[in-house]
Amino acid sequence: MATPLGASPIPSELADLADRSASPAAVRTSLIQLIERSASLAERVRSTPALANALVDVLAASRSLTRLIDARPSDAIAVLDNLDHRPIAAIASAEDLMNWRNLEFLRIAARDLVGRDSLDEVGAALAALGRDVLDRAWRLTEDGECSIAVIGMGKLGGNELNYSSDIDILFVGEGERKALDHRARAIMDIARRCFRVDANLRPEGRDGPLVRTVESYVSYWNRWAEPWEFQALLKARPMAGDVAIGERWFEAAQRSLWERPFDAEALRSLRAMKARTEEEVAKTGVGNRELKRAPGGIRDIEFTVQLLQLVHGHRDADLRGATTLTMLEELANAGYIDDNDASRMSAAYRELRTVEHRLQLVDEQQVHTIPTDPVSLDHLARVMGRHDEPGGTAAEQLERELHLIQTTVRGIHERVYFRPLLEAFATRKTDETSISPEATEVRLAAFGFIDARRTAAALGELTRGLRRSSRLMQQMLPLLLDWLSLSPDPDLGLLLIRNLLTGPRQSRQIAETFRESPAAAQSLCTIAGTSRLLGDIIGANPDLVARLPLPEELATKDRAGLIATATASVELREGSIDQQASLRRWQQRNLLGIAARDVFAHDNVERVGRDLTTLAEATLEAALQSLDPQIPFAVLGVGRFGGAELAYASDLDVMFVHRGSRPDDADEARRIAKALMRMVAGSTPATRLYDIDCDLRPEGKNGPLTRGIDSYAIYWREHALTWERQAMTRAQVVAGDQSLGGELLDEIEPWVWGGGLSAEGIREIRQMKARIEAERIPVGEDPDFHLKLGRGSLSDIEFTVQMLQLQYGVKATGTIDGLRALTEGDVLDTDDAEILTEAYEFCEQVRNRWFLVNSAPSDSMPTHPESALWLARSLNTEPGALREHYRRVTRRSRTVVERLFYGLPSRS
């Protein structure tokens with residue numbers, strides 16, 4: 001029956017599959033050709049779903065296999081309909097072998113594309129195909145004149161062949177040389193009908209004999225072989241031909257490879273070769289689009305695995321395998337590589353090789369580069385199973401994923417591949433450094449040390465001399481460098497550790513701690529490479545190093561416990577100067593615990609804010625008690641202090657209240673307030689514990705420093721403005737007479753929380769917020785990435801929460817607590833609360849971390865490239881990704897703020 005005019009000849013089932021494929025137009029064209037050629041084959045495909053899926057997937061992925069199907073439709077459909085069994089054919093000639101190879105290649109590709117086989121299985125199946133081709137070529141050339149074996153190298157020997165890999169081979173044989181050469185070339189001629197065959201990895205390359213005896217190979221390895229040739233032997237395995245000769249060659253190769261350690265010079269040679277390869281790739285301008293040889297690509301993983309095999313394999317026979325993924329797993333199991341690193345490299349290797357396979361399947365060409373033209377890139381992404389989504393097109397998703405993979409792989413590769421410990425281990429030198437001057441700069445650059453000269457000087461100082469600490473450092477230096485390379489700023493970390501270990505008092509204590517606890521040394525490297533501020537605290541308190549790897553030892557005590565220890569530290573000293581110094585040392589030691597738990601991700605943002613607040617409260621309480629108040633006196637915290645959400649850079653916003661009506665009582669109250677501020681603020685920046693700000697008190701700087709309850713009540717009842725009411729939503733008693741402070745809070749509660757918020761009050765809060773946005777971002781700070789005052793950042797969220805709390809009378813301690821309370825009170829939608837919470841926590845975490853990394857206050861993300869890199873590393877991300885995260889969360893937050901705070905209509 002003829003197809004109606006304008007109707008598609010493709011059955012609906014196949015048409016649907018075609019439309020959902022990675023290349024609908026190409027698949028439809030091929031299906032129409034198949035239908036026109038053979039209606040019976042088309043019906044067979046239509047009626048067999050598994051066959052239909054396999055056919056469509058192959059047509060969508062590969063032009064070369066499409067041509068095969070078009071040329072041999074009956075044979076191809078038979079193969080696709082029976083993917084569990086290899087094609088059967090009588091092979092009597094090279095032509096027969098090529099035809100069989102093409103059908104088996106089709107079967108392997110189809111099983112791969114429909115998801116029947118993993119990458120490991122696909123690589124093994126292709127390698128088996130390569131072995132079969134070589135074996136059949138050897139049999140077809142049998143002449144009885146000589147004995148010859150074929151050795152597989154590279155991915156063939158590793159049982160992990162690509163779709164378009166070269167077949168790298170060597171020949172070993174016995175007999176007359178002319179006959180051996182003739183046989184070898186005949187084998188290659190037949191095999192080249194099926195694969196690209198390369199014999200140039202043989203000794204002396206193209207200039208050397210094509211076939212050697214086992215003895216000739218051994219002589220060459222002993223006298224002339226380069227390090228890369230031994231590296232190549234890792235994957236050498238007999239593939240076809242004379243079994244006895246092949247096994248004898250393999251045993252000789254294994255002895256040559258493993259009977260002696262791979263020395264430091266050999267390791268340096270391989271590093272140099274790897275660097276040259278990367279330089280060549282860089283010159284091509286393809287960048288990270290090169291999947292194989294570019295930084296973070298397939299070769300990084302393979303070289304990492306092979307380096308570790310070469311270093312440790314002479315003593316550990318389990319590391320002498322040929323397959324990358326198998327050896328990666330063995331390295332992890334044996335403890336030579338971190339389990340997490342191995343897992344990430346394994347996943348990355350599978351993904352990169354799969355992308356490479358999909359590229360090569362298109363035309364069976366040796367392609368390793370991600371295409372730049374949109375059509376080809378889109379096709380690749382869809383063959384890889386990506387689809388357009390709100391988060392990006394299929395191509396954009398694939399590119400992001402590959403970039404992340406390459407960044408991850410490169411980081412792991414550099415830590416392992418350039419690990420000085422490996423070279424020291426290879427040379428078996430433990431009594432002196434094995435780092436040569438020539439290799440120092442390359443080594444340090446690989447570890448992330450930017451200032452090579454300063455770093456080299458620090459290393460020399462650490463390892464020089466015969467002091468016990470220096471001898472210990474000679475042994476630990478490789479590990480310290482490795483750990484420092486993981487920190488945000490390795491140069492800073494090494495400088496601080498050098499200062500610690502070469503100081504006259506603390507060096508022995510820290511060296512002994514290192515000896516007893518390598519985990520403490522590793523934790524110190526992280527802290528030292530993160531923050532100069534924290535490194536300086538450790539320098540003044542070296543006993544704290546031992547606590548760093550112990551989260552429970554770093555935990556902040558409760559308020560009562562902190563007050564007790566703070567008070568005790570002050571009472572041990574006499575005189576205000578010594579008491580202030582003692583209190584500051586106590587405060588710094590406890591600050592280190594909070595910051596270390598933060599850096600090591602033991603605590604979240606909310607917990608950090610609470611602990612910083614509790615520490616500040618205990619500091620004020622101890623300082624206040626040391627002043628011996630003669631009248632009831634209390635300190636109220638407002639703003640972030642009262643909200644229990646201090647940041648590292650926060651001022652302490654406070655108000656003072658006292659009881660007493662006599663003139664002497666007022667004088668005593670002023671004495672206490674001034675002395676307390678002097679003790680906490682210090683006389684110089686070096687002695688400062690906190691900046692104290694009393695400007696939120698009634699009448700600001702023009703008002704009395706401290707008041708009685710009645711004076712506060714009169715002011716708030718008769719003169720206070722809306723912003724002052726907003727400020728008091730966070731008021732809490734933080735030090736001093738709790739009863740007195742409680743009375744003041746009771747007095748102001750009706751004024752703060754009663755009566756809601758009028759339209760005028762809402763307008764005043766909005767106007768204040770607008771003025772802040774327009775005026776307060778300091779010169780030199782980036783308004784586009786401002787963590788405090790940027791659109792959708794901390795200030796936006798704080799104002800929104802406080803206004804809603806006042807408007808609906810919802811009492812809560814801080815911003816996050818306020819968001820919870822507003823949600824529980826049905827004032828705030830859950831989705832809106834989650835958006836605001838995410839943005840608040842992100843901005844607060846980045847702001848806190850930037851303070852530690854910068855060791856100075858700053859409310860905007862850094863613009864200097866090195867600073868941005870250090871901050872991003874500290875947060876386990878990249879500068880670009882960190883800024884993109886800021887844009888994403890603040891953009892969503894600002895949308896909510898504009899609707900809830902400014903009353904603007906929702907964006908469609």
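All of these numbers come straight from a predicted model, not from anything done at the bench. (Residues numbered from 1 in each chain as written. Predicted model: local features only at pLDDT ≥ 70, side-chain atom pairs only at ≥ 80, totals over all residues. Heavy atoms only, no water.)

A.B. asks: Explain the side chain of Glu229 residue by residue, including any values.
C.D. replies: Looking at the element boundaries, Glu229 is found in helix 12 (residues 227-233). With no salt bridge to any partner, buried Glu229 finds its closest opposite charge in Arg212, at an N-O distance of 8.1 Å. Beyond its immediate sequence surroundings of up to four residues, Glu229 is in contact with Pro203, Tyr220 and Trp224. (Helix = DSSP H or I, 4+ residues; strand = E, 2+ residues; numbered from the N terminus. Buried < 20%, exposed > 50% of the residue type's maximum accessible area, 1.4 Å probe, protein only. Lys, Arg positive; Asp, Glu negative; His and termini not counted. Salt bridge = Lys/Arg side-chain N within 4 Å of Asp/Glu carboxyl O. Contact = heavy atoms within 4.5 Å.)

A.B. asks: Pulling in residues and values, what's your account of helix 5 (residues 63-71)?
C.D. replies: Here helix 5 has its buried residues at Ser64, Leu65, Thr66, Leu68 and Ile69. Buried residues along helix 5 sit in contact with helix 2 (24-37), helix 4 (49-61), helix 6 (73-80), helix 7 (94-113) and helix 17 (339-363).

A.B. asks: I'd like to hear about the nonpolar core, residue by residue, with values.
C.D. replies: Ranked by internal contacts, the top residues of the largest apolar core, which has 77 residues, are Leu55, Leu80, Leu106, Leu134, Ile169 and Phe171. The biggest single contributor to this core is helix 7, with 11 residues. Non-local contacts of Leu106, meaning those with residues more than four positions away in its chain, are made with Val58, Leu65, Leu68, Ile69, Ala76, Val79 and Leu80. Leu554, Ala595, Ile692 and Phe851 belong to the second-largest nonpolar core, a separate cluster that totals 76 residues. (Core = buried A, V, L, I, M, F, W, Y, C linked by side-chain atoms within 4.5 Å.)

A.B. asks: Please give an account of the pattern of salt bridges that cites residues and values.
C.D. replies: Considering all chains together, one arrives at 65 salt bridges under this definition. Residues Glu43 and Arg46 are paired through a salt bridge, measuring 2.6 Å at the closest nitrogen-oxygen approach. Here Glu43 and its partner Arg46 are both found in helix 3 (residues 39-47), 3 residues apart, which amounts to about one turn of the helix. For Arg46, a relative accessible area of 29% corresponds to the partly exposed category. Arg111 is the partner of Asp117 in a salt bridge, and the nearest nitrogen-oxygen pair spans 2.8 Å. What makes Arg111 buried here is its relative accessible area of 15%.

A.B. asks: So what's going on with the environment of Leu352? Residues and values would help.
C.D. replies: Of note, Leu352 is situated in helix 17. Those residues within four positions of Leu352 in sequence are excluded, and the remaining contacts are Leu291, Gly296, Gly297, Ile298, Ile301, Leu402 and Ile405.

A.B. asks: Just give me the short version of the packing of aromatic side chains, but keep the residues and values in it.
C.D. replies: Aromatic rings in a pair are described by how distant their centres are and how their planes are angled relative to each other. Per the stated rule, a full pass over the model turns up 11 aromatic pairs. Here Tyr217 and Trp249 contribute two aromatic rings whose centre-to-centre distance is 5.8 Å and whose plane-to-plane angle is 85°, an arrangement assigned as edge-to-face. Of this pair, Tyr217 sits in helix 11 (residues 214-223) while Trp249 is found in helix 13 (residues 243-258), placing the two residues 32 residues apart along the sequence. A residue is classified by how much of its surface remains accessible, and Tyr217, at 1% relative accessible area, is buried. (Phe/Tyr/Trp six-rings, centres within 6.5 Å; stacked < 30°, edge-to-face > 60°.)

A.B. asks: Account for the side chain of Arg725, with residues named and values stated.
C.D. replies: Residue placement: Arg725 occurs in helix 35 (residues 722-727). One polar contact links the side chain of Arg725 to the main-chain carbonyl oxygen of Val752, over a distance of 2.8 Å. There is a polar contact of 3.3 Å between the side chain of Arg725 and the backbone oxygen of Gly754. In this structure Arg725 touches Trp751, Val752, Trp753, Gly754, Gly756, Leu757 and Leu806, once residues within four positions along its chain are discounted. (Polar contact = N/O pair within 3.5 Å; in protein donor to acceptor, adjacent residues only side chain to side chain.)

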